[in-house]
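# Report on the structure
If you want the building blocks of each chain, they are given just below.
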Amino acid sequence: MMRHWLICFSFLTALALGRANASTVSGVIQLTANSNSPREQRRHLSDIVVWLDALSPAASLQAPAQHAEMLQKDKMFHPHVLPILVGTAVEFPNADPIFHNAFSNYDGQMFDVALYPPGTSRTVVFRKAGIARVFCNIHPAMSAIILVLKTPYFVKVNADGRYLIPNVPAGQYELHYYDERATGDNSHPPQLTVESAVMEVGAPVLRISEAGYVTLATHKNKYGQDYPPDALSYGGNIGPPK
Ligand SMILES: [Cu+2]
């Protein structure tokens, strides 16, 4: 009887975890050397992304085209960090009663959706892997990060530091992370092996130091100029400078 239940449980777990021939990689992130409050730590943890880069070609899967969304509301981008697979179309809906102008002229992919009104949206397809820092040409305090990855095996970490990467096929992988505030050495990612028919694989604990992190200095607008002095408090529909 006990064995019967175990088999049933395993089968249901396999269904819950996705494809029967794929595994779930589970792990935990620990932030070290930071002096944040518990609430700030939870927020920082949930902005961290982990992903698996396949070392063996057999483990690579052709993932279908994906869509993602970066909402503009209350003069903020939501989410602050958005991981996507390369080739993904990202929508930028404007849910504020004011104009916005998302753009990126940082490293990674450059784009400029131009000024657009409340209640409308623009779409950008991200075809280049890398980090796109996103700003608004009207509101200097708005910032976000789009992390464009070559692998579909990525997740954002939970506020408690734990994560699950589902549907990972058997193979050899490198475990990577992105933390905007990380200051430690990230150049030697740990490796892990996913065996076929193993339902859950535990990844090594990732300890990330945020010691010495300083907030990004002020940035220029999309014309490479300083924002006007009143831009911080500005909430109206301003056009591009003449
Ligand atoms: Cu804006």
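Residues numbered from 1 in each chain as written. Predicted model: local features only at pLDDT ≥ 70, side-chain atom pairs only at ≥ 80, totals over all residues.

## Quick notes on the overall build of the protein chain
Within the protein chain one finds two helices and 18 strands. Considering only residue pairs separated by 6 or more positions, the protein chain has 67% of its internal contacts joining residues 24 or more positions apart. (Helix = DSSP H or I, 4+ residues; strand = E, 2+ residues; numbered from the N terminus. Contact = placed C-beta atoms within 7 Å.)

## Description of the sheet that holds strand β7 (residues 89-91)
Here three strands make up an open sheet; going across it, the order is β3-β7-β10 and the pairing mixed. The sheet is open, and its two edges are formed by β3 (67-69) and β10 (123-125), each paired on a single side. The average angle at which neighbouring strand axes cross in this sheet is 25 degrees, direction not considered. In terms of strand pairing, β3 meets β7 through three bridges, oriented parallel. Paired with Ala68 across the bridge in β7 is Val90. (Pairing = 2+ DSSP bridges. Axes fitted to C-alpha atoms, helices over the stretch in contact; angles between N-to-C directions.)

## What to know about the environment of Glu91
Here Glu91 shows up in strand β7. The class of Glu91 is partly exposed, set by 13 C-beta atoms lying within 10 Å. For Glu91 and Glu69, which are 22 residues apart along the polypeptide, the C-alpha to C-alpha distance reads 4.7 Å. If we skip the residues at most four places from it in the chain, Glu91 touches His67, Glu69, Ser121 and Thr123. (Buried ≥ 20, exposed ≤ 12 C-beta atoms within 10 Å, placed from the backbone.)

## A few points about the environment of Tyr153
With respect to the helices and strands, the residue Tyr153 is situated in the loop between β12 (143-149) and β13 (154-156). Note: C-alpha distance between Tyr153 and Ile165 (12 residues apart in sequence) is 6.3 Å. In contact with Tyr153, not counting residues within four places along its chain, are Trp51, Leu52, Ile165 and Val168.

## Focus on the pairing of strand β2 (residues 49-54)
Looking along a regular strand, one sees side chains alternate from face to face of the sheet. Here β2 pairs with β13 via three bridges, running antiparallel. Within β13, the position partnered with Trp51 by the bridge is Phe154. Across six bridges, β2 lies against strand β15 (residues 171-178) in antiparallel orientation. Of the residues in β15, the one forming a bridge with Val50 is Tyr177.

## Focus: the sheet that holds β2
The sheet built from four strands is open, its strands ordered β13-β2-β15-β16 with antiparallel pairing. The two strands at the open ends of the sheet, each matched to only one other strand, are β13 and β16 (191-194). Here the average twist between neighbouring strands, direction ignored, is 30 degrees.

## What about the nonpolar core?
Ile84, Val134, Ile146 and Leu147 are the most contacted members of the largest nonpolar core, which totals 43 residues. Sort the elements by how many residues they give to this core and β12 lands first, with six residues. Setting aside its immediate chain neighbours within four residues, Ile84 contacts Gln66, Ala68, Val90, Phe126, Ile146, Val148 and Leu149. (Core = buried A, V, L, I, M, F, W, Y, C linked by C-beta atoms within 7 Å.)

## A short note on the confidence of the model for the protein chain
Across the protein chain, pLDDT averages 84, with 81% of residues at or above 70. Scored below 50 in pLDDT, residues 5-18 shows eight contacts in the model against residues more than four places distant or in partner chains. In the model, residues 234-242 has pLDDT below 50 throughout and makes nine contacts with residues more than four positions away in sequence or in other chains. (pLDDT = per-residue confidence, 0-100.)

## Regarding unusual backbone geometry
Here the amide bond leading from His78 into Pro79 is cis, since omega sits at 0 degrees, within 30 degrees of zero. Locating Pro79 in the fold gives a position in the loop between β5 (76-78) and β6 (81-85). A positive phi is found at Lys75, a non-glycine position, where the angle reads about 55 degrees. Inspection of the secondary structure assignment puts Lys75 in the loop between β4 (71-73) and β5. The exposure class assigned to Lys75 is partly exposed, which follows from the 15 C-beta atoms found within 10 Å.

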